[in-house]
Amino acid sequence: MSAIQSAFPGSVLESRVESDRRLWITVDPKKLVEITQFLRDKKDFDHYSGAAGVDRINENLFEVVEILTSHGAHQVVVMMKVRVPRDKPSVRSLTGLYWNANWYEREIWEMYGINFEGHPELYPLLLPDELVGYWPWRKDFKGYPDTTTGERAIEQVGPDGYTEFKIMPHPEMIKAGVVPERPKYPTFREREEAEIKSDSEMIMHMGPQHAIVPGPFLLDLLIEGERVKKAFLDVGYIHKGIEKIMENRTYLQGIVYTDRMCYLASITNNEAYCGAVERLLNITPPERAQYIRVILAELSRIQSHLLGTGEFLTLLGAATYSPFQYMIIDREDLVYLMESITGARITHTFVRFGGVRNDLPDGFADKARPILKRMRERTEEYMDLLHSDPIYTRRMRGIGVLSPGDARRLGVSGPPLRASDTPYDMRREDPILVYPDLDFKVVTRKAGDAEARVEVRLEEILESIHIIEQCLDQIPEGPIQEKLPKKIKPEPGEAYYRVEDPRGEMGFYVISDGSEKPYRVKVRGPVYAYMQALPPLLEGAYVADVVAIAGSMDACTSEVDR
């Protein structure tokens, strides 16, 4: 804080230093880029973690919150805000400093209408073209146009044979004179075709309905021969609007929606949201509840790695189809353990503000230990099987290599980052619950290729088993829940809380205005960062290797389209 104030006197308008290594500052918008560059170059904030937009409608302002951290040089998280008027809002882009700021700024633009000066490609990301300009995350947004009637959605067939739909504005909008003026930009198809430079190049379509695409997202490849020259990726096919929904539900009701972002990570999503709200309430869960939350988080990590790895292996052939069936069978044991605690197999809604919903069932430890022992043996078998399969190693080794520098620059986290020799794990970088009291290692590899990413996940299963066994040995007796009213109303404030999701850095930014509903909920998910990093990772690869590279990232499109 003092370093920023000394280097830029008068540019820090508000500041707050938290005890948990959080720095909150509001800076002069004219100095945003210079202060950010100072933090990156002089204070080792080399990780652009994300950004959030906030509509302060009662103050006639927009806020943009930039989240800056470090890849291990220190544990400080800077939440840096700039405020601009709601009338023609504009903020300087950080894409010149951080490559991965691109998507975060695009999302804020399409949802709030905040312009980013100097951004190379302000095009829609999550919204279809027809709805760009309605700025749906603004507080005065009244709803999308009705696309279910023939009167509102008009089908048009263009001269090239493509069918498009023109969505007419609502009559009340026309009457009130508030019909938005659509921003002008080239379509996704026009942007693709502009990259074709010769007759030897063509666009190859690989999604969202392609068998090898791990989720419903658009992946198009500009190819020349068998090589990928450029990749184009678009998301939003299952956009659920969860962040906006949570602003219109009570705090407790919001937990249900965190499950639905990614069913393979529902427990860690619960944890990230509840942890942020607990900081708003200034409460700490009882120690026994913390142990239970860690046990479930690690069980969730194991079952997620089993399903994600097993599904991916089916795409490669060789001896890798059988492990999928074995992993699904083994995963059932883990799901059984989770169900015995939460009562649900996938969407748990189990974590509560100040604790957990219920205690461990009687005899849980006796049931869990033999399952964990068998899971350790099975995981070691899987590692031996894959290492002994020459087809698997030829398909994976040296393919899709991410150097440590590129992995950090592209903003990936979780196993893909740790497979590139970067020991970055929220359980160490931003420790929560009882993780500081547990013994475990952060699994890394040096190769940075597709094979290394799978190896990291399999070895992480072994570490998760070790963590759970320690929890079963150390868990104390005691209460599992702080007593709170059914409808909580945190004091006005804001909090940011991070966890190590099975796929990497998951953060929740929650703002309270003192009411029973959050004023703003922002999700910083790991797969959103994966997706942005995938196109440059595919450039120069063979078409046949696209499946190995894309699948090794273990993406969950549902979380991207939250």
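In this text, all values refer to a predicted model and were calculated from it rather than measured experimentally.

Asks: Kindly report on the environment of Phe324, identifying the contributing residues and their values.
Replies: Note that Phe324 resides in helix H10 (residues 322-342). Separated by 73 residues in sequence, Phe324 and Arg397 place their C-alpha atoms 20 Å apart. Residues in contact with Phe324, not counting those within four places in the same chain, are Leu307, Gly310, Glu311 and Thr314.

Asks: So what about the sheet that holds strand S3 (residues 47-56)? Which residues, and what values?
Replies: Strand order in this open sheet of 5 strands is S1-S2-S5-S4-S3, and the pairing throughout is mixed. Here the strands that pair on one side only, and so sit at the sheet edges, are strand S1 (12-17) and S3. Averaged over all pairs of adjacent strands, the angle between strand axes in this sheet comes to 20°, irrespective of strand direction. Examined bridge by bridge, strand S4 (residues 61-69) and strand S5 (residues 77-85) share 8 bridges and lie antiparallel to one another. The residue of S5 that forms the bridge with Val64 is Val82. In this fold helix H2 (residues 32-42) packs onto strand S2 (22-27), S4 and S5, with an angle of close to 175° to the strand it touches most, S5. Across the sheet, helix H3 (residues 101-112) is in contact with S3 and S4; its angle to S3 comes to roughly 10°.

Asks: Can you lay out H2 for me, pointing to particular residues and giving the numbers?
Replies: Those residues of H2 that fall on the buried side of the exposure criterion are Leu32, Val33, Ile35, Thr36, Phe38 and Leu39. Tucked into the core, H2 has its buried residues touching helix H1 (2-7), S2, S4, S5 and strand S6 (90-92). Immediately downstream of H2, the backbone of Asp44 shows phi near 65°, a positive value.

Asks: How would you explain the sheet that holds strand S10 (residues 201-205) if you had to name every residue and give the values?
Replies: Read across the sheet, 3 strands follow the order S10-S11-S12 without closing on themselves; strand pairing throughout is antiparallel. Here the strands that pair on one side only, and so sit at the sheet edges, are S10 and strand S12 (227-234). For this sheet the average axis-to-axis angle between neighbouring strands, irrespective of direction, equals 25°. When strand S11 (residues 218-224) meets S12, the two strands line up antiparallel, connected through 7 bridges. For Asp220, the partnering residue across the bridge sits in S12 and is Phe232. Relative to the sheet, helix H17 (residues 526-538) contacts S11 and S12, its axis offset from that of S12 by approximately 165°.

Asks: An account of the domain arrangement of the protein is requested, with residue identities and associated values reported.
Replies: By domain assignment, the protein separates into domain 1 (2-131), domain 2 (154-234) and domain 3 (242-560). The straight-line distance from the C-alpha centre of domain 1 to that of domain 3 is 27 Å. Across the contact, 36 residues belong to domain 1 and 30 residues belong to domain 3. Looking only at domain 1, the three residues that lose the most surface to domain 3 are His71, Trp99 and Trp103, adding up to 24% of its buried area. For the interface between domain 1 and domain 3, the tally reads 4 salt bridges. For Glu107, the salt bridge is made with Lys522, and the minimal N-O distance between the two is 2.9 Å. Applying the counting criterion to the domain 1 and domain 3 interface returns 17 residue pairs in polar contact (both at pLDDT 80 or more). Secondary-structure elements contributing two or more residues to the side of domain 1 that touches domain 3 are S2, S3, S4, S5 and H3.

Asks: With reference to specific residues and values, describe the packing of helix H7 (residues 251-259) against helix H8 (residues 266-281).
Replies: H8 packs onto H7 with a crossing angle of 155° between their chain directions and a minimal axis gap of 8 Å. Classified by the angle between their axes, H7 and H8 sit roughly antiparallel to one another. Remark: the crossing between H7 and H8 carries right-handed chirality. Together, Tyr251, Gly254, Ile255, Thr258 and Asp259 of H7 and Ser266, Asn269, Asn270, Tyr273, Cys274, Val277 and Leu280 of H8 make up the contact between the two elements. Among the residues making up the contact of H7 with H8, the classes are represented as 6 nonpolar, 5 polar and 1 charged.

Asks: Could you give an account of H10, with specific residues and numbers?
Replies: Over its 21 residues, H10 extends 30 Å from the first C-alpha to the last, a length consistent with the 30 Å expected when each residue adds 1.5 Å. Turning to H10, its buried residues are Pro323, Met327, Asp330, Arg331, Leu334, Val335, Leu337, Met338, Ile341 and Thr342. Contacts from the buried residues of H10 go to H8, helix H9 (287-313), helix H11 (364-387) and helix H16 (450-474). Of the residues trailing H10, Gly343 is marked for its positive phi of about 85°.

Asks: Describe in detail the environment of Ile329, supporting the description with residues and values.
Replies: Residue placement: Ile329 occurs in helix H10. Separated by 23 residues in sequence, Ile329 and Leu306 have C-alpha atoms that sit 9.7 Å apart.

Asks: Explain the packing of aromatic side chains residue by residue, including any values.
Replies: Using the criterion set out here, one finds 14 aromatic pairs in the structure. Plain terms: the ring middles of Trp103 and Tyr528 are 5.4 Å apart, the flat faces sit at 65° to each other, and that makes the pair edge-to-face. Residue Trp103 is located in helix H3, and its partner Tyr528 is located in helix H17; the two are separated by 425 residues in the primary sequence. For Tyr528, a relative accessible area of 2% gives the class buried. Judged by centre distance (6.2 Å) and plane angle (85°), the ring pair of Trp109 and Tyr185 falls under edge-to-face. Of this pair, Trp109 sits in helix H3 while Tyr185 sits in the loop between helix H4 (171-176) and helix H5 (188-193); the two residues are 76 residues apart in sequence, bridging distant segments of the chain. Owing to a relative accessible area of 7%, Trp109 belongs among the buried residues under this scheme.

What counts and how
Residues numbered from 1 in each chain as written. Predicted model: local features only at pLDDT ≥ 70, side-chain atom pairs only at ≥ 80, totals over all residues. Heavy atoms only, no water. Helix = DSSP H or I, 4+ residues; strand = E, 2+ residues; numbered from the N terminus. Contact = heavy atoms within 4.5 Å. Pairing = 2+ DSSP bridges. Axes fitted to C-alpha atoms, helices over the stretch in contact; angles between N-to-C directions. Buried < 20%, exposed > 50% of the residue type's maximum accessible area, 1.4 Å probe, protein only. Domains from an automatic or database assignment. Buried area = accessible area lost by both parts, 1.4 Å probe. Salt bridge = Lys/Arg side-chain N within 4 Å of Asp/Glu carboxyl O. Polar contact = N/O pair within 3.5 Å; in protein donor to acceptor, adjacent residues only side chain to side chain. Parallel < 35°, antiparallel > 145°, perpendicular 65-115°, else oblique. Left-handed = near helix turned anticlockwise from the far one by under 90°. Nonpolar A, V, L, I, M, F, W, Y, C, P; charged D, E, K, R; others polar. Expected span 1.5 Å × (residues − 1). Phe/Tyr/Trp six-rings, centres within 6.5 Å; stacked < 30°, edge-to-face > 60°.

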